Amino acid sequence: MHKYNFQLEEAGTVASILSKLDTYEVISLNKCLLQSLIKGDHPEAAILLRQLLNAASALLRLNLPTNYASILSSLVPSCFGLSNVLLLKLAEMSEVPQPFSFVWLDGVLNYLQELGSYFPKWNLTLHAKLIELHLNALGKCITLQGKMATLASHETESSDKILWGNKGSSEISLSLMSLFLDEFRAKLKMSFKVLISKSSDLHVLSAIQAIERALVGVHEGCKIIYNINTGSADGGKFSATVAAGIDCLDLVLEYVSGKKCVSVVKRHIKSLIAALFNIILHLQSPLVFCDTTVGGSVHKGPDPGAVILMCVQVLTRVSAKKNWFQMDSWHVGQSLRIPAALFQHFGQLSKGPLLSDIFLLVDNQDSDPVAGMHSCVVDQRFSIELFSACCRLLYTTLKNHTSKSEQCISLLQESSCVLLHCLEMVGNDLTVRQGHFSWGVQEGVKCACFLRRIYEELRQKKDVFGRHCFKFLSNYIWVYSGYGPLKTGIRREIDEALKPGVYAIIDACSADDLQHLHSVFGGQQTLVNKVVSMIQKTSCFSLTLPLLSLLLQRVLAEITLANLQHDYKLNFQYEGKV
């Protein structure tokens, strides 16, 4: 089955056998048969193969002595060749595999994971091949998962995860597929973790270089063809390996340890961060919020929205590791800008199955809308996931990179304002939002709680951000008073969830800043005089309507500010009394 060159007497241990696996060449495996097994044919043979790989894993775990070398010298390379071919065939499939395939293929992952425990004794060539194999297989899993693709860290952090099984009885098969696929991808990541967690600095460097190539969309030995491209109204296009690179980078940041290995990651972190920003730039589009079916996404690659979410989550992890990495000012600025870039057109999405007038790229302000009809249903679960991830990115960046965030305060203000505008959409679908997507009240409350954390973080750092807090308070007052983009204000339930953060902003404002807001909002007497003067000079009452509207806005804003300060003193302000 394999052709290899080494003498049996030299293969005294498992380690010596493994060190020469890269000299093996698969020459006679029935690849067509193996591919048919993945498609669901011959289930009895597939189960038998799974048991064989599990048995091989157990033999490796026993670390048999020298006199068993003859068994291992034939079994180890044969099982390695089978595992290699099976995962490659899985990655190359253009159709969706049967759910059963992910059950018996876990034998492959068990075997590779056991091999990984010996890898420090391997050479770099074989280690690099295994890294590439994991990238290909993970990319396939992320593609199949669609918008349900999440990072390992995100699966434990998110409070918004909704099981596929909640979608209804008509999707039982899809839920079953999701269950097996999630488990398979989790084992793949565990196998990758073993490869990097016991690494030497040279092995970590090899993994980082493979991840770098994946994130920028190039293949080793081919630096010209890029697999990340800016799209049209349908968004950008990229390969599955790009998505897998994000997943593997998250695992590297979590599990790599040791001074030398961490130093390797530090040396490359700036280029890795830049690659994540580049992916978001190419993929951002209003359509990232739209739902896609699993069957329709396989030939198109991973879901762009899920990949953007993964990028935001990894950037949050990088921002949180301030003892590991010191982000430059431009890194901080780009991080603070991401939420505004992603959500600035969110309020224009259609509620129904058809979305017209899709904008080209969110970041291209000069492009005209592209007229046309595109099948699109906004994924409510995903939109909340991305909203919460963006909020987490903002307040994590504020907490760990305070001085650099203060230098980019205008970007922070813009992003927080865009996120605040999204809360106007809650529960307004029957009137102003008719025909457009709206969150339910329960979902809106969740989002308001995440946004509140940004305001609370501003208060925690009020020695730095205090002089800017009145700007955030002003934005809230205008939207609450009904002068946001939708002119609807914020529902009571949403405002109650957000209000502790608003009180925190008031607490961070100085008396002079609050008085300045009163002066701005309370300058209605001058407007009244202008309105009276215009009425006296002209008989056209319509000329005074803009001034009357502005007068009403200021009156409502002044009332809102006064009420907020009163409630703040009653419910929030501590005056030193018990």
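Residues numbered from 1 in each chain as written. Predicted model: local features only at pLDDT ≥ 70, side-chain atom pairs only at ≥ 80, totals over all residues. Heavy atoms only, no water.

Undergrad: Mind showing me how you'd approach the overall build of the protein chain here?
TA: A count of helices and strands for the protein chain gives 25 helices and six strands. Every one of the 578 residues in the protein chain was classed for burial, and the buried ones make up 53%. In the protein chain, once contacts between residues fewer than 6 apart in sequence are set aside, the share between residues at least 24 apart is 80%. As displayed, the protein chain offers around 25200 Å² of accessible surface, 54% of which is attributable to carbon and sulfur atoms. (Helix = DSSP H or I, 4+ residues; strand = E, 2+ residues; numbered from the N terminus. Buried < 20%, exposed > 50% of the residue type's maximum accessible area, 1.4 Å probe, protein only. Contact = heavy atoms within 4.5 Å. Areas by Shrake-Rupley, 256 points an atom, 1.4 Å probe, with all protein chains shown as cover.)

Undergrad: When you look at the packing of helix α10 (residues 201-216) against helix α11 (residues 240-255) in this model, what are you seeing that I'm missing?
TA: Angle between the axes and distance between the axes are the two parameters that describe a pair of packed helices. One way to put it is that α10 packs onto α11 with a least axis distance of 8 Å and a crossing angle of 140°. Of the possible angle classes, the one that applies to α10 and α11 is oblique. Classified by chirality, the crossing of α11 by α10 is left-handed. On the side of α10, the interface is formed by Ile208, Ile211, Ala214 and Leu215, while α11 contributes Thr241, Val242, Gly245, Ile246, Cys248, Leu249 and Val252. (Axes fitted to C-alpha atoms, helices over the stretch in contact; angles between N-to-C directions. Parallel < 35°, antiparallel > 145°, perpendicular 65-115°, else oblique. Left-handed = near helix turned anticlockwise from the far one by under 90°.)

Undergrad: Whenever I open this one, the side chain of Glu424 confuses me. Can you help?
TA: Its location among the elements puts Glu424 in the loop between α18 (409-422) and α19 (441-460). Here Glu424 sits buried without a salt bridge, and the closest side chain of opposite charge, Lys487, lies 7.6 Å off (N-O distance). Setting aside residues no more than four positions away along its own chain, Glu424 makes contact with Val479, Gly484, Pro485, Leu486, Lys487, Thr488 and Gly489. (Lys, Arg positive; Asp, Glu negative; His and termini not counted. Salt bridge = Lys/Arg side-chain N within 4 Å of Asp/Glu carboxyl O.)

Undergrad: Could you clarify how one ought to interpret the pattern of salt bridges in this entry?
TA: Pairing is possible between side chains of opposite charge, provided their charged atoms come close. Scanning the entire structure with this criterion turns up 20 salt bridges. The closest approach of N and O atoms between Glu95 and Lys39, which form a salt bridge, is 3.9 Å. One end of the pair, Glu95, is in the loop between α4 (69-92) and α5 (101-104); the other, Lys39, is in helix α2 (residues 31-39), with 56 residues separating them in the sequence. Since its relative accessible area comes to 33%, Glu95 is described here as partly exposed. Lys499 is paired through a salt bridge with Asp495; the nearest N and O atoms lie 2.9 Å apart. Here the residue Lys499 and the residue Asp495 both occupy positions in helix α22 (residues 492-508), the gap between them amounting to four residues, near one helical turn. In terms of burial, Lys499 and Asp495 fall into one category: buried. Each of Arg491, Arg492, Glu493 and Glu496 takes part in a single network of salt bridges with overlapping partners.

Undergrad: How should I be thinking about the confidence of the model for the protein chain in this particular structure?
TA: Atom-level detail of predicted coordinates should not be read off regions where pLDDT is low. Of all residues in the protein chain, 70% have pLDDT values of 70 or greater, and the mean over the chain is 77. Predicted confidence is poor over residues 153-170, with pLDDT under 50, and the contacts of this stretch with residues over four places away or in other chains come to 27 contacts. (pLDDT = per-residue confidence, 0-100.)

Undergrad: Sorry if this is basic, but what is going on with α11 here?
TA: Every α-helix winds through 3.6 residues per turn, so residues three or four apart in the chain are directed the same way. Between the first and last C-alpha of α11 there are 23 Å, a value that for 16 residues agrees with the 22 Å anticipated at 1.5 Å per step. α11 sits mainly inside the fold: 13 of its 16 residues count as buried. (Expected span 1.5 Å × (residues − 1).)

Undergrad: I would appreciate a short explanation of the packing of helix α7 (residues 124-145) against α10 in the present structure.
TA: It is the contact of α7 with α10, at a shortest axis distance of 10 Å, that shows an interaxial angle of 40°. Our classification of the angle between α7 and α10 gives oblique. Every pair of crossing elements has a handedness; the one defined by α7 and α10 is right-handed. Residues Leu124, His127, Ala128, Ile131, Glu132 and Leu135 of α7 form the contact with α10, whose own contacting residues are Leu202, His203, Ser206, Ala207, Ala210, Arg213 and Ala214. A class-by-class count of the residues in the contact of α7 with α10 yields eight nonpolar, three polar and two charged. (Nonpolar A, V, L, I, M, F, W, Y, C, P; charged D, E, K, R; others polar.)

Undergrad: I would appreciate a short explanation of the packing of aromatic side chains in the present structure.
TA: Describing an aromatic ring pair means giving the distance of the ring centres and the angle of the ring planes. All chains considered together, the criterion is met by 11 aromatic pairs. When the ring of Phe343 is compared with that of Phe387, the centres are 5.8 Å apart and the planes differ by 85°; the resulting orientation is edge-to-face. With Phe343 in helix α15 (residues 329-343) and Phe387 in helix α16 (residues 380-400), this residue pair connects regions lying 44 residues apart in the sequence. Side by side, Phe343 and Phe387 carry an identical accessibility label, which is buried. The rings of Phe289, Phe343, Phe346, Phe382, Phe387 and Trp439 are connected pair by pair, giving a single aromatic cluster. We note Lys321 situated over the ring of Trp324; from NZ or CZ to the ring centre the distance is 4.3 Å. It is Arg453 that lies over the ring of Tyr395; its NZ or CZ is 4.2 Å from the centre. (Phe/Tyr/Trp six-rings, centres within 6.5 Å; stacked < 30°, edge-to-face > 60°. Lys NZ or Arg CZ within 6 Å of the ring centre and 35° of its normal.)

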